[in-house]
Structures are given as structure tokens and as C-alpha cells.
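Each chain, written out:
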Amino acid sequence: MPAAPSSPIPAVLTKLGPLHQHDTGRLRAHLQRVPDPRSRRGRWYPLVGLLLICACAVVSGARTVTEITEWGQRATTTVLERLGIRRHLPGCRRAPSHATLTRLLATLDGDALDSAIGAYLAERDHIDDGGTGSAPRPAIAVDGKALSGSAHRQQCHRHLLSAVTHTPTVTLAQREVGAKTNETAAFRPLLEPLDLTGAVVTFDALHSVRDQVRWLVQEKKAHYIAVIKGNQPTASDQVKALPWEQVPVAHTVSGTGHGRRESRSVKTMAIAANLGGIAFPEARLALRIHRRRQENGKRQTRETVYAVTSLDTHQASPADLGGYVRGHWGIENSSHHVRDVVFAEDASTVHTGSAPRAMAALRNLAIGRLRLLGADNIAKTTRAIRDAPEHAIWIWGITDSPPLPGT
């Protein structure tokens, strides 16, 4: 393990890590796989150096290209050197301009950037075994998010579909959904490159498509939990018609926070015999999840959700199943909410070329890295990194001992 940083570090950063020896240079190696879209003529800054500046700025809380540029201008000569920025003719290193970064982000290959970032984060996501005994299996949520501010004139806003691990919240893959299609068409291309063996994939009713579910189980060797609604009318009617009144509640959980109290109860039922194996492919259990929510000063609300899963009773307990479903809903708070509140993603008006997707990918990279290092408050952590650029290069493992400020 590398030596601890020599410069004074805010308390919130001392809780991160530890940084392991294999972290050094890992991000740089992955970013080298992204093709350079620029013309060879007049190319001064190396692509990896520019991307590392973007990564360091975003993990420091930068929300816009302007703030990324300002981070580079605040960086010391030593920091720029470690990021790979070459000396200019007068002998000093100079950070890239706003125009340079804007042109780069607009012309980047979005698929290649997302692939490199996903591969970097996947090395530490711990999805390496199928889970045995009572230990919960690793879970990945497939969910979409609109970039509301990316709409411009006649151009619709961009929409991204992501595969995100439940715990910690790490984005392993991301694809842009075309304006003339929907999330369903991007489901299989999104998950195809990932090793899903033994993992549980969760998704909402939009992706509860039979062919895709069959592909997950038979070809990717994964399990699934699929919410069943009106888009699968036969399966929905059959699951709702099961004798739930005769089944005892298998698991309950309640909690308070954010001005509300919630309780959830889970019932499970074997469905292979009941449904004849034809209503939904590879389905082994049906779930009935009843939620009650009481917000301060408001009436209590109730909701019942039905789902099916390829997991059998000996492979997951009712508590595990309820945790997977809740973990899928939690992606909204752990990922989407952070991107909107901490990084102001919905307020961003970046709309040119691949820039909206590239900025979203950089936010995913920063959130994933900090989650893997143990950060539980992304906003507080980025604020601690913001005022000292040398702390950002330590976070990315570019150096195991950040220099003193001003050196």
C-alpha cells in the first residue's frame, strides 16, 4: 500500500480508501483506449491529459466546461506535469482553454468513453462470484435518465440508459437512447459487454420483455427481478390472481427519514406450477410488495407492486428479494439525484455533439470512484477536494502522495 499523503487533508478525505498499489495509473491506462477525434495538425495537448483534467475537475465538483477550465487554471505546474500536460515553448505548462475542452467533449466517441469508464470502475465493483448461502448476490439496476437541459431549439433532450450496481452505486455501462427509439432497444447492447454471471439484474416494467429476459438467463447466466404491469397483460393477470390472501407475510421492514415514514411487506409464492412456465420465461417466484408511506402533514399512501424472478427459494430469502427491489428504486437517490443536485445535471445546457453524454460519463466516473473509496456524502467530499487540485490527482491514483499546495 502506498504511503499516506504528506499534505494536510480534510477529515472527510482521510476516511477514504485505502488507495491500493494497482490504483496508480489505472485510469490513465483505460482512457488511452478512447480514440482521439482531433486532427493531427496543431494537436498540442495529449488526449489522455485533457481527459484527466476533466476527471480531476469533476471529482472536485465542477459542473460545467467553464468550471473544468477554471480548475485547470488553478492547477499548479506540478499537477499539470503529473497529468501529462507538456511544456509550451516558453518553458512553462499551460492549462487548456475553454474552447479546447468544448471542442474535445463535443467530438468524443461517447461509446468508447463510456466503455473505458465502465471498465475502470468494474475492476473494483466486486461482481466476481455468484453468491452462495445466505449472502445476497450482487445486483445491477438498469434504469434511464433524461438530460433535461440538453434540449436545444428543434433538438430533443438526450436520454441515457445505464447499468448501475446497487451497492456501492457504480455505473458499469451507459448508452444513449436514440431520439427515434426507446430504452427497450438499448437494453441488450447495454448489458452485452458485461459479465453478469450469477448477478441479479433489476429493471422496471418497461424492460420486462420476454425475449430480453430469456436472453439474460440463458445466455448471460444472470438472474432477474422483473416488475410486472400492464405491458405484460397475461403475466400481470396471472400474478395478481394468485391466492395471496392465503400466503403469510414473509418479510417486513420500516424506516423513517426525509420527513416520512415507510413500511414494506413482502410475500413470495412459487409460480412454476401455477403458471405452467408459459406466462413469463424462467420465472420461479412471484413477489407481492406492499408499501405504505406517511409524509408529515399528508395522508398515508399505499401501493402494491407485483414482480417475478428467476431466483428460487433456496437462492434468495424474502429479505434479499425485498432488498433487491428497494435497491433498484434507490438508484434514483444514489445516482440520479446526486447527478442533479451535486453536479446540476438537469440544469446543464450543454447540447453540442457528444458533450452532454461525455459530461454525464464524467459525473458517473466521479461518483463511482468516490463510492468505491467509501464516500457516503458526495457533495461534502467534492467540496473537500475542490480547493486543492493535488487532492484530486491523489483520488485518481495519479500520485500516492499529493504535493503541498503551492509547490
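The rules behind the values
Residues numbered from 1 in each chain as written. Predicted model: local features only at pLDDT ≥ 70, side-chain atom pairs only at ≥ 80, totals over all residues. Heavy atoms only, no water. Helix = DSSP H or I, 4+ residues; strand = E, 2+ residues; numbered from the N terminus. Buried < 20%, exposed > 50% of the residue type's maximum accessible area, 1.4 Å probe, protein only. Contact = heavy atoms within 4.5 Å. Areas by Shrake-Rupley, 256 points an atom, 1.4 Å probe, with all protein chains shown as cover. Pairing = 2+ DSSP bridges. Right-handed = clockwise from strand over helix to strand, strands pointing away. Phe/Tyr/Trp six-rings, centres within 6.5 Å; stacked < 30°, edge-to-face > 60°. Lys NZ or Arg CZ within 6 Å of the ring centre and 35° of its normal. Axes fitted to C-alpha atoms, helices over the stretch in contact; angles between N-to-C directions. 1 Å grid on protein atoms, 1.4 Å probe; cavity = no way out; pocket = protein on both sides within 12 Å on 5 of 7 lines; lining within 4 Å. Points joined across faces, edges and corners; volume = space filled by probe spheres on them. Nonpolar A, V, L, I, M, F, W, Y, C, P; charged D, E, K, R; others polar. pLDDT = per-residue confidence, 0-100. Parallel < 35°, antiparallel > 145°, perpendicular 65-115°, else oblique. Left-handed = near helix turned anticlockwise from the far one by under 90°. Core = buried A, V, L, I, M, F, W, Y, C linked by side-chain atoms within 4.5 Å.

A. Quick look at the overall build of the chain. The helix and strand tally for the chain stands at 15 helices and nine strands. Buried positions account for 52% of the 407 residues belonging to the chain. When contacts within the chain are restricted to residue pairs at least 6 apart in sequence, those whose partners lie at least 24 apart make up 67%. Carbon together with sulfur atoms contributes 50% to the accessible area of the chain, which is approximately 18,600 Å² in total.

B. Inspection of the pairing of strand β4 (residues 200–203) at higher detail. Side chains of β4 alternate between two faces, with Val200 and Thr202 and Val201 and Phe203 buried alike. Pairing geometry for strand β1 (residues 139–147) and β4, over three bridges, is parallel. What sits directly across from Ala139, in β4, is Val200. Looking at chain direction, β4 and strand β5 (residues 223–227) are connected through four bridges and run parallel. When the sheet's bridge partners are listed, Thr202 is paired in β5 with Ile225. This β-α-β element, β4 to helix α9 (residues 210–218) to β5, shows right-handed connectivity.

C. How the structure looks around the packing of aromatic side chains. Tallied over the full model, the rule gives five aromatic pairs. With a centroid separation of 6.2 Å and an interplanar angle of 55 degrees, the aromatic rings of Tyr120 and Trp396 are classed as tilted. Taken as a pair, Tyr120 in helix α7 (residues 110–122) and Trp396 in the segment after α15 (389–395) lie far apart in primary sequence, 276 residues in all. With a centroid separation of 6.5 Å and an interplanar angle of 25 degrees, the aromatic rings of Phe203 and Tyr224 are classed as stacked. Here Tyr224 lies in strand β5 and Phe203 lies in strand β4, a separation of 21 residues in the sequence. A relative accessible area of 0% means that Tyr224 is categorised as buried. The ring of Trp44 carries Arg86 above its face, with NZ or CZ at 4.0 Å from the centroid. One cation-aromatic arrangement involves Arg291 over Trp329; the distance from NZ or CZ to the ring centre is 3.6 Å.

D. Geometry of the sheet that holds strand β6 (residues 251–257). Ordered by their spatial adjacency, nine strands build an open sheet running β3-β2-β1-β4-β5-β9-β8-β7-β6, and the pairing between neighbours is mixed. For this open sheet the edge positions go to β3 (171–177) and β6, each flanked by a neighbour on one side alone. Along the sheet, successive strands turn relative to each other by an average axial angle of 20 degrees, direction set aside.

E. Looking closely at the environment of Leu108. Looking at the element boundaries, Leu108 is found in the loop between α6 (98–107) and α7. Owing to a relative accessible area of 5%, Leu108 belongs among the buried residues under this scheme. For Leu108 and Arg357, which are 249 residues apart along the polypeptide, the C-alpha to C-alpha distance reads 9.5 Å. Beyond its immediate sequence surroundings of up to four residues, Leu108 is in contact with Val34, Pro35, Pro37, Leu47, Leu51, Leu113, Ser354 and Ala358.

F. Layout of empty space enclosed by the protein. Applying the stated criterion across every chain, the model contains five cavities of 30 Å³ or more. As for the largest cavity, its lining consists of Leu147, Gly149, Ser150, Glu345, Ser348, Val350, Pro356, Met359 and Arg363. Ranked by residues supplied to the lining of the largest cavity, first place goes to helix α13 (residues 355–372) with three residues. Residue composition of the lining of the largest cavity, grouped by class: four nonpolar, three polar and two charged.

G. Representation of the confidence of the model for the chain within the structure. Here the chain averages 86 in pLDDT, while 88% of its residues score no lower than 70. Taking the mean pLDDT of every element in the chain, the minimum, 56, falls on helix α11 (residues 272–275) and the maximum, 96, on helix α3 (residues 47–59). Predicted confidence is poor over residues 1–6, with pLDDT under 50, and the contacts of this stretch with residues over four places away or in other chains come to 16 contacts. Throughout residues 402–407 the model reports pLDDT below 50, and contacts reaching past four residues in sequence, or to other chains, amount to 19 contacts.

H. Region of interest: the packing of α3 against α13. Running from amino to carboxyl end, α3 crosses α13 at an angle of 60 degrees, the nearest separation of the two axes being 9 Å. The pairing of α3 with α13 is recorded here as oblique in orientation. The chirality of how α3 crosses α13 is right-handed. Note on element contacts: α13 touches α3 through Leu362, Arg363, Leu365, Ala366 and Leu370, opposite Cys54, Ala55, Val58 and Val59. Considered class by class, the residues forming the contact of α3 with α13 number eight nonpolar, no polar and one charged.

I. How the structure looks around the nonpolar core. Leu191 and Tyr224 are the most contacted members of the largest nonpolar core, which has 97 residues in total. Of the residues forming this core, the biggest block, 12 residues, is contributed by α3. Grouped together as the second largest cluster of nonpolar side chains are 13 residues, Ala139, Leu285, Ile289 and Tyr324 included.

J. Representation of α6. All of the buried residues along α6 are Thr100, Leu101, Leu104, Leu105 and Ala106. The elements touched by buried residues of α6 are α3, α4 (65–74) and α13.

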